Amino acid sequence: MSRAAIRTRRRKNELCAPIPHPNSDIDWLRITRTNAINSARWNSDPDLGAWLRGSRLDAYSQVAVGVEMTEAVQAVFRKIGEHTPNAITNLERLLEGIEG
């Protein structure tokens, strides 16, 4: 996938919400939530997801380098994907309780 594949600035910005540098322990919740949302957006686009998995930028792909992709390993990755929406919801609920 080339940079030109995502043509509009608006779409690029939708895919990549900025993640500010943390200044407090609570910022970890914000960063984790935003990163999870960004990752879900990237992986919802089949072409972008495939490109990302082939790049050095994807943490999960880098963790899997040299790992035999057995059914058990694939199941772990599926579980992460299945639980991400609930994790985002829980992070938002925690932040709502903290921030009011």
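Residues numbered from 1 in each chain as written. Predicted model: local features only at pLDDT ≥ 70, side-chain atom pairs only at ≥ 80, totals over all residues. Heavy atoms only, no water.

**Student:** What should I look at first to understand the packing of helix α2 (residues 27-44) against helix α5 (residues 71-99) in this one?
**Tutor:** Two quantities define a packed helix pair, namely the angle between the axes and the distance from one axis to the other. Running from N to C, α2 and α5 point in directions that differ by 150°, and their axes come no closer than 10 Å. The angle between α2 and α5 places the two elements in the roughly antiparallel class. Crossing handedness for the pair α2 and α5: left-handed. Along its contact with α2, which presents W28, L29, R30, T32, R33, A36 and I37, the element α5 presents T84, I88, L91, E92, L94, L95, I98 and E99. Here the contact of α2 with α5 is composed, by residue class, of 9 nonpolar, 2 polar and 4 charged. (Axes fitted to C-alpha atoms, helices over the stretch in contact; angles between N-to-C directions. Helix = DSSP H or I, 4+ residues; strand = E, 2+ residues; numbered from the N terminus. Parallel < 35°, antiparallel > 145°, perpendicular 65-115°, else oblique. Left-handed = near helix turned anticlockwise from the far one by under 90°. Contact = heavy atoms within 4.5 Å. Nonpolar A, V, L, I, M, F, W, Y, C, P; charged D, E, K, R; others polar.)

**Student:** Any chance you could explain helix α3 (residues 46-53) here in plain terms?
**Tutor:** Because an α-helix completes one turn every 3.6 residues, residues spaced three or four positions apart along the sequence face the same direction. Within α3, burial applies to L48, G49 and L52. One side of α3 holds all its buried residues, which, seen down the axis, span an arc of 100°. Facing away from the buried surface of α3 by more than 90 degrees, the exposed residues are P46 and D47. Of the residues flanking the start of α3, the one acting as N-cap is D45, its side-chain oxygen 3.1 Å from the backbone nitrogen of D47. (Buried < 20%, exposed > 50% of the residue type's maximum accessible area, 1.4 Å probe, protein only. Arc of directions from axis to C-beta. Polar contact = N/O pair within 3.5 Å; in protein donor to acceptor, adjacent residues only side chain to side chain.)

**Student:** Would you mind showing me how to read α5 here?
**Tutor:** Compared with an ideal rise of 1.5 Å per residue, which puts 29 residues at 42 Å, α5 spans 41 Å between its outermost C-alpha atoms and is within 8% of the ideal. At T84, α5 is bent by approximately 40°, the largest bend along its length, and proline P85 sits one to four residues beyond. Among all positions of α5, only I88, L91 and L95 are buried. A positive phi of about 80° marks G100, the residue just after α5. (Expected span 1.5 Å × (residues − 1). Bend = angle between axes of the 7 residues up to and from the residue.)

**Student:** Mind showing me how you'd approach the pattern of salt bridges here?
**Tutor:** Note on pairing: side chains with opposite charge can pair once their charged atoms come close. The tally for this structure, following the rule as stated, stands at 5 salt bridges. Among the salt bridges present, the one from R11 reaches E14, with a minimum N-O distance of 3.4 Å. Highlighted residues: R11 and E14, both in helix α1 (residues 9-15), separated by 3 residues, approximately one helical turn. Note on R11: relative accessible area 31%, which makes it partly exposed. A single salt-bridge network, built from bridges that share partners, covers R10, R11 and E14. (Salt bridge = Lys/Arg side-chain N within 4 Å of Asp/Glu carboxyl O.)

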